[in-house]
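Single-letter residue listing:
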Amino acid sequence: MKQKIYPGWWIVLTGLCFLAYSFARNVYHFYVISGVFGFAGRFLSFVPVSILITNWFGPRLKGKVMGVAMAGSGIGAVILNPVLSATIQKYNWQTAYRMLALLIFVLVLPLVLGTILRSPADRGLERLGEDPHPPGEPLPPDALWGLTTRQALGSGLFWAMFGTFALFSISCTIFNNNAIPSMVDCGFDAVTASAVMSVSAAGLVVGKLLLGAVSDHWSAKTASSVSILCLMAGLSIFWALPHAATFLVAALGGFLFGIGNANCTVCMPLITSDLMGGRHFAELFSYASVASSLGATLGPLVGSLVFDRSGSYSGAWLSDVALSAVMLLTLHLCYRMRRKYSGRWAA
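Residues numbered from 1 in each chain as written. Predicted model: local features only at pLDDT ≥ 70, side-chain atom pairs only at ≥ 80, totals over all residues. Heavy atoms only, no water.

Engineer: Help me understand the overall build of the protein, please; the structure alone is not making it clear to me.
Structural biologist: Across its full length, the protein holds 15 helices and 0 strands. When the 347 residues of the protein are sorted by exposure, 44% land in the buried category. Sequence-distant contacts, at least 24 apart, represent 81% of the contacts inside the protein between residues at least 6 apart. Of the roughly 16,900 Å² of accessible surface on the protein, 68% is carried by carbon and sulfur atoms. (Helix = DSSP H or I, 4+ residues; strand = E, 2+ residues; numbered from the N terminus. Buried < 20%, exposed > 50% of the residue type's maximum accessible area, 1.4 Å probe, protein only. Contact = heavy atoms within 4.5 Å. Areas by Shrake-Rupley, 256 points an atom, 1.4 Å probe, with all protein chains shown as cover.)

Engineer: Can you walk me through the packing of aromatic side chains in this structure?
Structural biologist: In this description, an aromatic ring pair is defined by two values, namely the gap between the centres and the angle between the planes. The tally for this structure, following the rule as stated, stands at 14 aromatic pairs. With a centroid separation of 5.0 Å and 90° between ring planes, the pair formed by F158 and W159 is classed as edge-to-face. With a relative accessible area of 1%, F158 lands in the buried category. On the basis of an interplanar angle of 45° and a centroid distance of 5.7 Å, the ring pair of F175 and W317 is categorised as tilted. In this pair, F175 is assigned in helix α8 (residues 156-185) and W317 in helix α15 (residues 313-346), connecting sequence segments 142 residues apart. For the pair F175 and W317, one class covers both residues: buried. (Phe/Tyr/Trp six-rings, centres within 6.5 Å; stacked < 30°, edge-to-face > 60°.)

Engineer: Honestly, helix α12 (residues 263-276) in this entry has me stumped. Any pointers?
Structural biologist: An α-helical turn contains 3.6 residues, so a residue and the one three or four places further along point in the same direction. The end-to-end C-alpha separation of α12 is 18 Å, in line with the 20 Å expected for 14 residues at 1.5 Å each. The element α12 is largely enclosed, with a buried count of 12 among its 14 residues. Among the residues of α12, N263, C264, V266, C267, M268, P269, L270, I271, T272, S273, L275 and M276 are the ones counted as buried. One or two positions beyond α12, positive phi appears at G277, with a value near 90°. (Expected span 1.5 Å × (residues − 1).)

Engineer: Quick question: what am I supposed to make of the packing of helix α9 (residues 190-217) against helix α11 (residues 247-261) here?
Structural biologist: Relative orientation and spacing of two packed helices are given, respectively, by the angle between their axes and the distance between those axes. Their axes nearest at 6 Å, the elements α9 and α11 cross at an angle of 35°. Classified by chirality, the crossing of α11 by α9 is right-handed. Of the residues in α11, those touching α9 at T192, A195, V196, V199, S200, A202, G203, L204, V206, G207, L210 and L211 are F247, A250, A251, G254, F255, F257, G258, I259 and N261. For the contact of α9 with α11, the class distribution of residues is 14 nonpolar, 7 polar and no charged. (Axes fitted to C-alpha atoms, helices over the stretch in contact; angles between N-to-C directions. Left-handed = near helix turned anticlockwise from the far one by under 90°. Nonpolar A, V, L, I, M, F, W, Y, C, P; charged D, E, K, R; others polar.)

Dropping the structure here:
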């Protein structure tokens, strides 16, 4: 029997959460449902997609495919956002949630269970995009080694990587939660601020494709470094926005941030594979991805705390730039640690 990477009940549970939202009547209902949804949704999208791509595609294609696959989420948002808005305006928000549940059960569940397999070996195939190697020659490095969960969790490298991933998510979440209020403070109306966020979403799609290509051509470390620099540039523009509050300036900042925002979805799995190896990637990336969820939880709190203490969003943007700079340093530290310990792990 072929091994599926998407257990059907994760998909069913996600659809049931959307359905449950439509019956929520107070904030506590939303808290409980969101807790379940956050757990189930993680295993429906980001984690299994990354595992599938790592299983099916080798070093020459993995980055590009990761970028294309993750860009689909941005494209889906572009399509669904106006549809859901129109549904809410014509009917109500409960109907919109029920429509999402219907899409999960009617489209996602049959498509996933009917087509997706854990690895090409289930079809008697080899990974696509492997580096060519003559018969008898050593296999590619990622096929030779990989830390066990016990080795990884007992290493400083894993926890340095974990902290870096948490910073990725904190930095992005601070912007996503504060960008529109900060633009309104600068005199933008809600429609213009939303238009800037649409430009940022376009930057996200471009960033995912760009970072995937850069990862394949150079390395995941290079792609991630580029994205962090774009993130810092976009945040710096928003810090200066009160002195140049025009749509074009805000759109430029949003677009650059969007490219940087692609770091989490495209580069995190590639970096995990680089640092931890491919042999036990699925289990190790599941642990590492907890950092992203933790960062998404802390980001809004950090941004709100800085705003409350400083009385303006400028402090939040400066803090976010500082966090991004630390993130860049810890990323390069991780790769230095990887070189230090790789010989011992290979042995």
